Amino acid sequence: MSMIKCPKCGNRVSTMAGTCPSCSTPIHGHLIQCNECGTYYLDRDDKCPYCGKEAPAPQPQQPAPEPQPDPEPQPRPRHKQGGHRTAWRAAAVAFVLLLAAGALVGGYYYYSLQQEIRLEQERYLALENLSEPVFFEQFLADYPLSLHRTEVEQRLAQIKAQQAEWDKACRGDRATLQAFLDKHPDSFHARRCAQLIDSIDWQEALADTTGKGIDRYLEQHPEGIYADVAAKRKNDLAKAHVSPTEKSMILGMLDAFFNQTMQSDEEQVVAQAIVEPMESFCGKKKATAADIMQYVKKKRTTDVIGLHYVVSNTLAVRRESISDGSLGYHVECTVDETVSRSDTTKPTTHCYTVSCRLTADRQIVQMSIR
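No experiment lies behind these values; they were computed from the predicted model shown.

Basis of the calculations
- Residues numbered from 1 in each chain as written.
- Predicted model: local features only at pLDDT ≥ 70, side-chain atom pairs only at ≥ 80, totals over all residues.
- Heavy atoms only, no water.
- Phe/Tyr/Trp six-rings, centres within 6.5 Å; stacked < 30°, edge-to-face > 60°.
- Buried < 20%, exposed > 50% of the residue type's maximum accessible area, 1.4 Å probe, protein only.
- Pairing = 2+ DSSP bridges.
- Helix = DSSP H or I, 4+ residues; strand = E, 2+ residues; numbered from the N terminus.
- Salt bridge = Lys/Arg side-chain N within 4 Å of Asp/Glu carboxyl O.
- Axes fitted to C-alpha atoms, helices over the stretch in contact; angles between N-to-C directions.
- Parallel < 35°, antiparallel > 145°, perpendicular 65-115°, else oblique.
- Left-handed = near helix turned anticlockwise from the far one by under 90°.
- Contact = heavy atoms within 4.5 Å.

A few words now on the packing of aromatic side chains. The tally for this structure, following the rule as stated, stands at nine aromatic pairs. Taking 5.2 Å as the distance between ring centres and 45° as the angle between the ring planes, the aromatic pair formed by F139 and Y143 counts as tilted. Both residues of the pair, F139 and Y143, count as buried. Aromatic ring contacts, followed pair by pair, group Y124, F139 and Y143 into a single cluster.

In structure tokens, the structure reads:
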């Protein structure tokens, strides 16, 4: 017994079935197996409908035997009437039992066949949500005669080709990943591909010190993995922005501090320009106005008649939280120092790098002069 496609309707049927359960076409005893392609077709066809091979010639019938004279009638033995009826009953019971057994076997076979067909269909439908080659290979091994074999083989070939492309894309750059995503937007790997592109764009955004990278990332990935972090960072950058007016005021304050306040002989004047005690001044922790005045005093040797400072107008300013938690400024700039001496032909000049932190009211919290 083997399972074949019905020559008429194409549904699966056993070669031992009396008729096709789908179209009632006679099967058992009415099939011819083609010697060329091995396909089964009905004996009423004169050639194979699949390859055109001529049907084998029918076997010649044997001549009917000549009639023989009837033998002499023999006297039939006489049986008791009761025994004759018992034999008929036994035969009838045996026949009924045989019919019942045949119906049971046939029913079990039909049920098993339907279960096998149902299980195959469920396995085939499950492949729609799978992308691992092993599931497709196992289906083909379990159902080598499946009606879906061609479709499954094509899908398996596509998955293997796509997997090879994905392995190559993973070893490439952002452009390679984007090309894979554009070509296979519904691929099993599409989600992972989009995540890798998202991460690459985020790293580029962080490396852009101008802040434009954050805007570019949010434009490309409005719902990206780092969208919330990017939005917060953009907001922080906006808060940290310092206007040209603020920079001008800080520049003026520093110019006044170096040329007037720091060189004042009145400690109270110096104290008004700082948050006393300062976090540090030129390396000294908890510095006071007196420490600043002492710093200037060391510069004024016997031949020094004046100190003059020029603060570079290219100072870098950003907003920053200071020690008390309030928002202040962090300033980086260069300062040129000219030391005027009694011998006017020998002035001394220095260029310092100044880093300081200021309150919102532009009082100095910390300063280093290097």
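Sheet topology places strand β7 (residues 304-311) next to strand β9 (residues 327-341); seven bridges connect them, and they run antiparallel. Note on β9: the bridge partner recorded for Y309 is E337. Relative to β9, strand β8 (residues 316-321) is paired through six bridges, and the arrangement is antiparallel. The residue bridging A316 from the neighbouring strand is E332, located in β9. Hairpin connection, β8 to β9: the antiparallel pair is bridged by five residues, and G325 has positive phi, about 90°. Of the strand pairs in this sheet, β9 and strand β10 (residues 348-358) are connected by 11 bridges, and their pairing is antiparallel. Directly across from D336, in β10, lies its bridge partner C351.

This next bit is on the pattern of salt bridges. For side chains bearing opposite charge, pairing can occur when the charged atoms are close. According to the stated counting rule, one finds 15 salt bridges in the structure shown. A salt bridge links E279 to R357, with the shortest nitrogen-to-oxygen separation between them at 3.0 Å. In this pair, E279 sits in the loop between α9 (267-272) and β5 (280-281) while R357 sits in strand β10, placing the two residues 78 residues apart along the sequence. By relative accessible area, which is 16% here, R357 ends up buried. Here the salt bridges share partners, and the residues they tie into one network are E279, R318, E320 and R357.

Next up on the list: the packing of helix α5 (residues 190-207) against helix α6 (residues 212-220). Where α5 meets α6, the closest approach of the two axes is 8 Å, and the angle between their N-to-C directions is 160°. Relative to α6, the element α5 lies roughly antiparallel. In this structure, α5 meets α6 at a crossing whose hand is left-handed. Facing α5, whose interface residues are D198, D201, W202 and A205, α6 presents G213, I214, Y217 and Q220.

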